Amino acid sequence: MAASIAYVGGHLQYGVNFCMGQSYKQAIWVPSVTFNGCLQRELSWSCGVSKFLQIRKCNLFRSRTNENWKSFGTVITSAYLRDGSTKYFDFAVVGSGVAGLRYALEVAKHGSVAIITKAEPHESNTNYAQGGVSAVLCPSDSVESHMQDTIVAGAYLCDEESVKVVCTEGPDRIRELIAMGASFDHGDDGNLHLAREGGHSHHRIVHAADMTGREIERALLEAVVNDPNISVFKHHFAIDLLTSQDGSDTVCHGIDALNTETQEVVRFISKVTLLASGGAGHIYPSTTNPLVATGDGMAMAHRAQAVISNMEFVQFHPTALADEGLPIKPKKTRENSFLITEAVRGDGGILYNLSMERFMPLYDGRAELAPRDVVARSIDDQLKKRNEKYVLLDISHKPREKILSHFPNIANECLQHGLDITQQPIPVVPAAHYMCGGVRAGLQGETNVHGLYVAGEVACTGLHGANRLASNSLLEALVFARRAVQPSINHMKSSSLDLSASSLWTRPLVPKSLGSDVMHKILRITREVRKELQSIMWKYVGIVRSTSRLQEAEQKIGKLEAKWETYLFEHGWQQTMVALEACEMRNLFCCAKLVVSSALARHESRGLHYMTDFPHLEESKRLPTVIFPSSHTTGTWSSRQLHQQPIVKSMV
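Notes on the structure follow. Computed from a predicted model, the values in this text were never measured in an experiment.

Counting its regular elements, the chain contains 18 helices and 23 strands. A buried classification covers 62% of the 652 residues belonging to the chain. Per element, the accessible surface of the chain, about 23,800 Å² overall, is 51% carbon and sulfur.

Set out below in structure tokens:
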């Protein structure tokens, strides 16, 4: 792909890391990148990221006004609803998970907000999060301990400042959720019941049985519905960001979306845009992610010249329900794998192979409580050595009442398929679960694109490093969504909207002119290509990798993409045409290529990235991978924005 990849962390970066109980500093030199005198002090990845991302600009949030732009102020409801195909808002939020909703509720106090969500508002990765949210809420626990657990799990690739911010501010974010009406489990003593999961040294997981994400989503959505400044646009698929170039700077002015119910393209012009669109689990055939997780935000940001980081670190959850091992098989193939939460192992669950041999102690002294990357590789090794399709997770030795109270959702799902988890082990297998990489962000969710912020799984903040610690994802989303609020407000107040701006970009077209027969053929081929891409990613870019297999994946993906695009354009498809499944496919291709390119750049085994030809961790390579913005003059359909980027300096 047309992108430059390097290990970088800043211009001359110093990051404090922990190794063998000692802290030390490592300098990272990045050639050919200058800040024009911006570098004044030691920079960690996070505190220096806005300077690094801006490359030539020292102040990301400087006032960007021009007398040619009309000052629009806060847009009122009657104004943005006058034109059905173009809507004007102070803030546009893509995604309705915990990050998007929490951010929207705060910025709505200062302006109008559009939440653009692909399906129903509750359909997000948040809604499927079972285990809980990690936070230091017990006197015997400490922020330092949470930080250390995060850094160890992240294979010492975490940015310490990001880790410190999240672990320090996390408890307040939990208290805010409780104040908003989120209900978490309490123990007999009346205090919050805190669970423990793999990689954690303390009980610090706040949860609502095994449906924590659903409860958080419920509380946030209820608040959003009651906020008059927030408008939710469901079944609106985000297509591309609307950007312009101001010299060397890329500026975001909103987003185009496809209303998948009316087949109308809607243009959202906004002063500030937040991407909170989740991950890209569906680049793999088996994933715990809902169908909406097709990497749309990561791909859009890449096409819009945002910096991408650490995409090689794809977390495979060790324990997704293996349908093949159930007494009663599901009647149809699941759209996404059913997750068996980490908390089952945290509560004493034991992993066995099909001969009922406990195997985790053979791989790691922490056994079932080892971090996810270790457990997933161990299960993968067992399956390959024994030529079996799943392993068993047994919690039945615990009291029945405890199992049913802690894991009612899992117990009910398994019981529907003839399995009683209070008496029988659960068949499990690893499945794609979480992207530790994404759009590179600073400590306030800022990106190198002016007016564009990111939070949640779509972002790479440096918190997770090479492997996410269990239950740190919801915490990160809450903390960074909140941190992005004030700079977003500042940017909004210093920006203007032009009511004529909508005409600056070519509008995407719905392919009605192709006719139903052609569209049926295109959709059929697209679905076949999607399955083929997923198969390539699982076979060549899975839990265990090698350089030769990654190179083979790169070639196969390139050929498959070229074949698919050729088919589209030979059947009358045009560059600006949009349809849900075709646009999802281009995003899946884009994200798959980002993962493969990043994986090829890392010549070591660290965290989630395990290479058979580089089996050891190399201290000299303890650096993030970065994919810089690339030229859009060449490339595939998936790597270019549908509209032509206007280069208008006077716009800002």
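Okay, back to it.
Backbone hydrogen bonds hold the strands of a sheet together, and the pairing may be parallel or antiparallel. Taken in spatial order, the 4 strands make up an open sheet running β14-β17-β16-β15, and their pairing is antiparallel. The sheet is open, and its two edges are formed by β14 (314-321) and β15 (350-352), each paired on a single side. The sheet shows a mean angle of 45° between the axes of neighbouring strands, taken without regard to direction. Where strand β16 (residues 391-394) meets strand β17 (residues 426-435), 3 bridges bridge the pair, whose relative direction is antiparallel. Among the inter-strand pairings, V391 is bridged to a residue of β17, identified as V428.

A few words on the packing of helix α16 (residues 516-540) against helix α17 (residues 547-570). As a packed pair, α16 and α17 sit with axes 10 Å apart at the nearest point and diverge in direction by 175°. With respect to their mutual orientation, α16 and α17 come out roughly antiparallel. On the side of α16, the interface is formed by K521, I522, I525, T526, V529, E532, L533, I536, M537, K539 and Y540, while α17 contributes R549, L550, E552, A553, K556, I557, L560, W564, Y567 and L568. In the contact of α16 with α17, the residues fall into 14 nonpolar, 1 polar and 6 charged.

Within the chain, Y156 stands out as a residue other than glycine whose phi angle is a positive 60°. Look at Q263: it is not a glycine, yet its phi comes out positive at around 60°. Structurally, Q263 can be placed in the loop between β11 (249-259) and β12 (264-275). Note on Q263: relative accessible area 32%, which makes it partly exposed.

This part covers the packing of helix α5 (residues 143-153) against helix α6 (residues 160-179). The N-to-C vectors of α5 and α6 enclose an angle of 135°; their axes lie 9 Å apart at closest approach. In terms of orientation, α5 and α6 fall into the oblique class. Helix-helix and strand crossings are classified by hand; for α5 and α6 the assignment is right-handed. Only E160, V163, K164, C167 and T168 of α6 make contact with α5, whose side of the interface consists of V143, H146, M147, T150 and I151.

We now examine the environment of A367. Looking at the secondary structure, you find A367 in the loop between α10 (360-363) and α11 (372-386). C-alpha of A367 to C-alpha of L351: the two residues are 16 residues apart in sequence and 9.0 Å apart in space. Once residues within four sequence positions are removed from consideration, A367 is found in contact with R358, M360, P361 and V375.

Take the nonpolar core next. By size, the foremost hydrophobic cluster in this structure holds 79 residues, and its most contacted members are M537 and W573. Membership of the second largest hydrophobic core comes to 52 residues, among which are V163, L221, V224 and A481.

Next up on the list: the pattern of salt bridges. Side-chain pairing between opposite charges can occur once the charged atoms of the two side chains come close. Scanning the model with the defined rule gives 40 salt bridges in all. The shortest N-O distance in the salt bridge between R482 and E106 comes to 3.6 Å. In this pair, R482 sits in helix α14 (residues 473-483) while E106 sits in helix α3 (residues 98-107), placing the two residues 376 residues apart along the sequence. With a relative accessible area of 10%, E106 lands in the buried category. For D240, the salt bridge identified is with R586, shortest N-O distance 3.7 Å. Taken together, the residues span a long stretch of sequence, with D240 in strand β10 (residues 236-246) and R586 in helix α18 (residues 580-601) at a distance of 346 residues. For the pair shown, D240 and R586 are each scored as buried. Salt bridges here are not isolated pairs; linked through shared partners, they connect R102, E106, K109, E169, R173, E176, R482 and R483.

So, on to the side chain of R545. Considering the arrangement of structural elements, one finds R545 in strand β21 (residues 544-545). Lacking a salt bridge, the buried R545 has E312 as its closest oppositely charged neighbour, with an N-O distance of 6.8 Å. There is a polar contact of 3.0 Å between the side chain of R545 and the backbone oxygen of G542.

Within the span of α5, buried status applies to S145, H146, M147, D149, T150, I151 and A153. Following α5 by one or two positions, A155 adopts a phi angle in the positive range, close to 55°.

Okay, the sheet that holds strand β7 (residues 194-195) next. Spatial ordering of the open sheet is given by β6-β8-β7, a layout of 3 strands whose pairing is antiparallel. One side of each edge strand has no neighbouring strand; the edge strands of this open sheet are β6 (133-134) and β7. As paired strands, β7 and strand β8 (residues 205-206) are joined by 2 bridges and run antiparallel to one another. In the sheet register, L194 faces β8, and the bridge partner there is V206.

Turning our eyes to something else, we now look at the environment of D256. Inspection of the secondary structure puts D256 in strand β11. Measuring from C-alpha to C-alpha, the distance between D256 and F268 comes to 6.1 Å, with 12 residues separating the pair along the chain. Look past the residues within four positions of D256 in its chain and what remains in contact with it is F237, A238, I239, D240, L242, V266, R267, P508 and H643. A distance of 2.7 Å separates the side chain of D256 from the side chain of R267, its partner in a polar contact.

With that settled, consider a positive patch on the surface. Taken together, the side chains of K539, R549, K556 and K559 define a basic patch exposed on the protein surface. At 3 residues, α17 tops the list of elements feeding residues into the positive patch. Among the structural elements, R549 can be located in helix α17. What makes R549 partly exposed here is its relative accessible area of 31%.

Tallying each qualifying case throughout the model produces 11 aromatic pairs. Between the aromatic rings of F359 and Y363, the centroid separation amounts to 6.3 Å while the plane-to-plane angle is 85°, which identifies the pairing as edge-to-face. With relative accessibility at 1%, the residue F359 sits in the buried group. With relative accessibility at 29%, the residue Y363 sits in the partly exposed group. Pairing W573 with W637 gives two aromatic rings, centres 5.9 Å apart and planes at 80°, and the pair type is edge-to-face. With W573 in the loop between α17 and α18 and W637 in the segment after β23 (625-627), the pair connects residues that are 64 residues apart, well separated along the chain.

Below, the discussion takes up helix α7 (residues 212-225). Note on helix geometry: an α-helix contains 3.6 residues per turn, so any two residues three or four positions apart are oriented the same way. Over its 14 residues, α7 runs 20 Å from end to end, which matches the ideal 20 Å to within 8%, given 1.5 Å per residue. Of all the positions in α7, only T212, G213, E215, I216, E217, A219, L220, L221 and V224 are classed as buried.

Rules of the game
Residues numbered from 1 in each chain as written. Predicted model: local features only at pLDDT ≥ 70, side-chain atom pairs only at ≥ 80, totals over all residues. Heavy atoms only, no water. Helix = DSSP H or I, 4+ residues; strand = E, 2+ residues; numbered from the N terminus. Buried < 20%, exposed > 50% of the residue type's maximum accessible area, 1.4 Å probe, protein only. Areas by Shrake-Rupley, 256 points an atom, 1.4 Å probe, with all protein chains shown as cover. Pairing = 2+ DSSP bridges. Axes fitted to C-alpha atoms, helices over the stretch in contact; angles between N-to-C directions. Parallel < 35°, antiparallel > 145°, perpendicular 65-115°, else oblique. Contact = heavy atoms within 4.5 Å. Nonpolar A, V, L, I, M, F, W, Y, C, P; charged D, E, K, R; others polar. Left-handed = near helix turned anticlockwise from the far one by under 90°. Core = buried A, V, L, I, M, F, W, Y, C linked by side-chain atoms within 4.5 Å. Salt bridge = Lys/Arg side-chain N within 4 Å of Asp/Glu carboxyl O. Lys, Arg positive; Asp, Glu negative; His and termini not counted. Polar contact = N/O pair within 3.5 Å; in protein donor to acceptor, adjacent residues only side chain to side chain. Patch = residues over 30% accessible without salt bridge, like charges linked within 9 Å, V, L, I, M, F, W, Y side chains within 5 Å. Charge placed at Lys NZ, Arg CZ, Asp CG, Glu CD. Phe/Tyr/Trp six-rings, centres within 6.5 Å; stacked < 30°, edge-to-face > 60°. Expected span 1.5 Å × (residues − 1).

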